Amino acid sequence: MKIDILTVVPDLLTSPFSHSILKRAHDKGLLTVRVHNLRKWAINKHMQVDDYPFGGGAGMVLMPEPLANAIDELQQEGKYDEIIYMTPDGERFNQKAANQLSLKENLLIICGHYKGIDERIRQRYVTREISIGDYVLSGGELAAAVVVDAIGRLIPGVLSDETSALFDSFQDNLLAPPVYTRPADFRGDKVPDILTQGDPKKVEDWRHEQSLTRTKERRPDLLEE
Ligand code: 6GU
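The model shown is predicted, which means the values in this text are computed figures rather than measured ones. (Residues numbered from 1 in each chain as written. Predicted model: local features only at pLDDT ≥ 70, side-chain atom pairs only at ≥ 80, totals over all residues. Heavy atoms only, no water.)

**Student:** I'm lost on the environment of Leu12 in this one. Help?
**Tutor:** Structurally, Leu12 can be placed in the loop between β1 (2-7) and α1 (20-27). Taking the C-alpha atoms as reference points, Leu12 and Glu65, separated by 53 residues in sequence, lie 23 Å from one another. (Helix = DSSP H or I, 4+ residues; strand = E, 2+ residues; numbered from the N terminus.)

This is the structure we're talking about:
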């Protein structure tokens, strides 16, 4: 999969994809993330990419020309399956959306900043608008990092059998069960016996039961879906 990201703050996106699972995805040739500075497509020598909103009001709006020129140029290399705009008024991101997007080949993610991007770019280019939750971030960059992480680890071949996404919280609308590691007795707190007795069927049943209990307690809304 190839993911291009357009942003005015590329520095915010230098580190998140260079570690752990996403690094492995990159090293295996399964995921390429390219971060593009929108200022490369600025309209003048002042590197301008934003301007005041028509009609007045606080904040700046990313201008249509730099975005359109950037998208047009990037699209010459090949069409995108989705052009995603990160925005708090988009559809709320969840595991289902991550699953869908992990099956795509080419994605472009546009990060807004300030007051957002000119509406005409949304109309003309954007195919999907995503929010990561009901709170406001100062830009779309951290949200884009969240989305790329959630998608990247689902690309076939990225996770090994042991780390398989099949066992994730949310994959079947259930939260994950508790986990333990050595020592079996930590300052008097013991690991549940089932986990140390070596009966895989019992372990599986216990984990499912724990998942159900946790989901009922913490996220009953997931069970209604
Ligand atoms: Cl995608 N962008 C911004 N600026 N804030 C957000 C968000 C996105 N998702 C939740 N809050």
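**Student:** What should I look at first to understand the side chain of His113 in this one?
**Tutor:** Inspection of the secondary structure puts His113 in the loop between β6 (106-111) and α4 (119-124). Residue His113 is classed as buried on the basis of its relative accessible area of 13%. In terms of polar contacts, His113 uses its side chain to reach the side chain of Glu141, at 3.1 Å. Discounting chain neighbours no more than four positions away, the residues touching His113 are Val8, Val9, Met60, Leu62, Ser138, Gly139 and Glu141. (Buried < 20%, exposed > 50% of the residue type's maximum accessible area, 1.4 Å probe, protein only. Polar contact = N/O pair within 3.5 Å; in protein donor to acceptor, adjacent residues only side chain to side chain. Contact = heavy atoms within 4.5 Å.)

**Student:** Got a minute to help me understand the pairing of strand β5 (residues 82-92) in this structure?
**Tutor:** The side chains of a regular strand alternate, residue by residue, between the two faces of the sheet. Strand direction decides the pairing type here: β5 and β6, joined by five bridges, are parallel. Counted as the bridge partner of Ile84 is Ile109 from β6. In terms of handedness, the path from β5 via helix α3 (residues 95-102) over to β6 forms a crossover that is right-handed. (Pairing = 2+ DSSP bridges. Right-handed = clockwise from strand over helix to strand, strands pointing away.)

**Student:** I would appreciate a short explanation of the sheet that holds β6 in the present structure.
**Tutor:** Across a sheet, paired strands are connected by hydrogen bonds in the backbone, their directions being either parallel or antiparallel. The strand order β2-β1-β6-β5-β7 describes an open sheet built from five strands, whose pairing is parallel. Edge positions in the open sheet fall to β2 (32-37) and β7 (128-131), since each of these has one partner strand only. Each neighbouring strand pair of the sheet contributes to a mean axis angle of 30°, computed without reference to strand direction. Taken strand by strand, α3 contacts β5, β6 and β7, and its axis lies near 140° from that of β7. Against the sheet, helix α5 (residues 141-152) makes contact with β1, β2, β5, β6 and β7, and its axis sits at roughly 160° relative to β6, the strand it touches most. (Axes fitted to C-alpha atoms, helices over the stretch in contact; angles between N-to-C directions.)

**Student:** Is there a simple way to explain unusual backbone geometry in this structure?
**Tutor:** Among all residues save glycine, negative phi is the norm, and among peptide bonds the norm is trans. The omega torsion of the bond from Arg182 to Pro183 falls at 5°, within 30 degrees of zero and hence cis. With respect to the element layout, Pro183 can be found in the loop between α5 and β8 (185-186). Of note in the backbone geometry, Ser20 takes a positive phi value of approximately 55° without being a glycine. Position of Ser20 relative to the elements: it lies in helix α1. For Ser20, a relative accessible area of 59% puts it in the exposed group. One non-glycine residue, Met47, lies in the positive phi region at around 65°. Along the polypeptide, Met47 turns up in the loop between β2 and β3 (50-51).

**Student:** Please explain the domain arrangement of the protein chain as it appears in this structure.
**Tutor:** By a frequent convention, interface size equals the accessible area lost on bringing the separate parts together. When cut into domains, the protein chain gives domain 1 (2-152) and domain 2 (169-224). Relative to domain 2, the C-alpha centre of domain 1 lies at a distance of 37 Å. (Domains from an automatic or database assignment.)

**Student:** Can you walk me through the site of the ligand in this structure?
**Tutor:** The local shell around the ligand consists of Met86, Thr87, Pro88, Ile130, Ser131, Ile132, Gly133, Tyr135, Leu137, Gly139 and Ala143. Between a nitrogen atom of the ligand and a main-chain N or O atom of Ile132, the distance comes to 2.9 Å. Within the backbone of Tyr135, a nitrogen or oxygen atom sits 2.5 Å from a nitrogen atom of the ligand. Isolated, the ligand exposes 290 Å² of accessible area, and the fraction of that covered by the protein chains is 96%. With three residues, the top contributor of residues to the shell around the ligand is β5. Tallied by class, the residues present in the shell around the ligand amount to seven nonpolar, four polar and no charged. (Near = heavy atom within 4 Å. Areas by Shrake-Rupley, 256 points an atom, 1.4 Å probe, with all protein chains shown as cover. Nonpolar A, V, L, I, M, F, W, Y, C, P; charged D, E, K, R; others polar.)

**Student:** Is there a simple way to think about helix α7 (residues 200-218) in this case?
**Tutor:** For an α-helix, the turn length of 3.6 residues means that residues three or four places apart are oriented alike. When the terminal C-alpha atoms of α7 are compared, their 26 Å separation across 19 residues agrees well with the 27 Å that a helix rising 1.5 Å per residue should span. If you follow the buried residues of α7, they end up packed against α6 (193-196) and α8 (220-224). The N-capping residue of α7, defined by a side-chain oxygen 3.1 Å from the backbone nitrogen of Lys201, is Asp199. (Expected span 1.5 Å × (residues − 1).)

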